[in-house]
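Okay, here's what each chain looks like letter by letter:
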There are 2 protein chains.
Amino acid sequence: MRDLDETDFEILRLLLDDARRPYSDLAEAVDLSPPAVSDRVARLRDVGVIRRFTLDVDRTQLHGGTPVLVDLEVDRATTAVSAVRQALLDSGSVEHVFTTAESHLVFQARVPDSDFAAWLFDVVDEAAIGSYDVTLLSGVDWSPDLGGTEFGLTCVQCGNTVDTEGVSTRIDGDLYQFCCPSCETRFREKYAELKEGAG
Amino acid sequence: MRDLDETDFEILRLLLDDARRPYSDLAEAVDLSPPAVSDRVARLRDVGVIRRFTLDVDRTQLHGGTPVLVDLEVDRATTAVSAVRQALLDSGSVEHVFTTAESHLVFQARVPDSDFAAWLFDVVDEAAIGSYDVTLLSGVDWSPDLGGTEFGLTCVQCGNTVDTEGVSTRIDGDLYQFCCPSCETRFREKYAELKEGAG
DNA sequence: AATGAAAGGATTAAGCC
DNA sequence: GGCTTAATCCTTTCATT
């Protein structure tokens with residue numbers, strides 16, 4: 001594997017702004033040939049930096065429930081948190097889910113006007129929820145900038161930059177980057193412990 | 001103008017899943033010709049339902065600050081709220097901004113590890129902020145589904161479905177849909193009052 | 001909204017450094 | 001390994017009905 005370089009970031013920025021921009025355009029912008037750009041985009045996908053090409057849709061213009069922000073207090077067990085998060089993401093009404101360091105899930109959704117609790121406990125397991133708090137929203141905005149992000153991949157175990165020695169692995173469906181095999185091993189051990197302790 | 005129909009929604013769903021899918025593919029999926037799909041996509045853009053073609057990027061894989069969720073209490077003046085929101089969106093470090101019905105701004109950002117307050121007041125006007133609250137995040141997820149969204153555009157003034165009589169107008173840079181010209185007039189009046197009262 | 005022709009972009013394969 | 005060029009194939013656009 002190779003480091004991401006400034007060119008990859010320039011490609012990301014350009015695609016973030018218009019994901020349908022022709023590769024030949026990108027190629028010109030970053031001074032490469034179209035196939036070279038295509039290769040880099042493919043690598044960005046493989047490595048999981050680009051999760052998908054998609055749309056920014058203005059959902060306030062579409063029917064379908066009241067936009068709310070919800071703060072959920074979840075059981076501290078790792079599996080409970082990720083199970084609830086996954087249930088929310090799969091519900092079809094939830095757009096964003098933020099997991100806090102204290103095992104809260106804050107999410108934004110469009111819900112039926114009446115009986116929020118019925119909707120919630122239809123989506124997630126009531127037993128896993130401590131308390132919750134609902135706020136009405138009047139606006140939802142998204143800035144698809146890369147902003148202050150510097151370049152380079154970070155090792156999820158030690159935080160170092162991932163370079164040529166790097167390894168990328170899928171664990172339980174999620175893609176993780178490591179700077180070296182030993183970080184991968186340590187992470188897997190930590191992960192297994194967490195999972196066991198929680199299950 | 002014409003209503004959005006089930007075909008438009010099918011196109012949205014398909015593009016949400018892969019925004020680079022060829023129009024010829026979409027055409028086959030919805031049983032139309034490629035130019036017809038192209039026209040519909042152009043209309044979805046014109047009307048503001050599609051804000052842009054973009055990427056879903058896994059920012060946890062990139063360097064650049066600690067992910068946090070912030071709850072900002074802002075002056076209730078409409079202009080203050082939208083000015084602060086715009087400043088956040090333009091900062092480059094803020095990804096999502098939710099505006100609550102009570103003039104709070106809840107946003108997700110990646111910020112420098114130290115001195116959050118310095119960062120915040122570098123981005124937004126300190127005078128407009130009442131209080132704020134910061135939470136550390138361990139995960140940020142997004143579900144690009146259309147979910148329970150039924151079809152049709154909603155009038156921002158009265159909530160009715162926007163049909164053939166509809167009008168779409170840009171006010172202060174934002175695109176709004178109205179079911180009829182009189183709703184547009186009423187909205188403009190309300191908007192002007194709000195602006196005056198706040199300024 | 002469909003058709004067909006013309007223009008434009010993507011992808012492949014071969015070869016270079 | 002990563003790049004380029006050139007050829008091929010596919011997609012989009014435009015004029016027309």
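In what follows, the structure referred to is the one given above.
Notes on the structure follow. (Residues numbered from 1 in each chain as written. Chains lettered and ligands numbered in written order. Predicted model: local features only at pLDDT ≥ 70, side-chain atom pairs only at ≥ 80, totals over all residues. Heavy atoms only, no water.)

**Overview of the sheet that holds strand β4 (residues 104-111) of chain A**
Judged by pairing direction, the barrel is antiparallel, and its 8 strands sit side by side in the order β2(A)-β4(A)-β3(A)-β5(B)-β2(B)-β4(B)-β3(B)-β5(A) before closing back on the first. Adjacent strand axes in the sheet meet at a mean angle of 35°, parallel and antiparallel pairs treated alike. Taken together, the 5 bridges between strand β5 (residues 129-142) of chain A and strand β3 (residues 94-100) of chain B define a ladder with antiparallel strand orientation. Residue pairing in the sheet places Asp 141 of chain A in a bridge with Val 97 of chain B of β3 of chain B. Sheet strands touched by helix α4 (residues 78-90) of chain A: β2 (66-74), β3 (94-100), β4 and β5 of chain A together with β5 (129-142) of chain B. Its angle to β3 of chain A, the strand with the most contacts, is close to 165°. Sheet strands in contact with helix α5 (residues 116-123) of chain B are β2 (66-74), β3, β4 (104-111) and β5 of chain B, and its direction is about 105° off that of β5 of chain B. (Pairing = 2+ DSSP bridges. Helix = DSSP H or I, 4+ residues; strand = E, 2+ residues; numbered from the N terminus. Axes fitted to C-alpha atoms, helices over the stretch in contact; angles between N-to-C directions. Contact = heavy atoms within 4.5 Å.)

**Overview of the protein's contact with DNA strand D**
Near DNA strand D you find Arg 2, Arg 20, Leu 32, Ser 33, Pro 35, Ala 36 and Arg 40 of chain A together with Pro 22, Tyr 23, Ser 24, Pro 35 and Ser 38 of chain B, and these make up its full shell. Atoms of DNA strand D within 4 Å of the protein belong to the sugar or the phosphate in 78% of instances, the rest to bases. In this structure, a phosphate oxygen belonging to DNA strand D sits 2.5 Å away from a side-chain N or O atom of Ser 33 of chain A. Residue Ser 24 of chain B places a main-chain N or O atom 2.9 Å away from a phosphate oxygen belonging to DNA strand D. Contributions of two or more residues to the surface near DNA strand D are made by α3 (34-46) of chain A together with α2 (23-30) and α3 (34-46) of chain B. (Near = heavy atom within 4 Å. Polar contact = N/O pair within 3.5 Å; in protein donor to acceptor, adjacent residues only side chain to side chain.)

**Examining the relation of the copies chain B and chain A**
Overlay of chain B on chain A (RMSD 0.2 Å): rotation 180°, translation along the axis 0.0 Å. The symmetry that links the two subunits is that of a two-fold axis. (Least-squares fit on C-alpha atoms with pLDDT ≥ 70 in both.)

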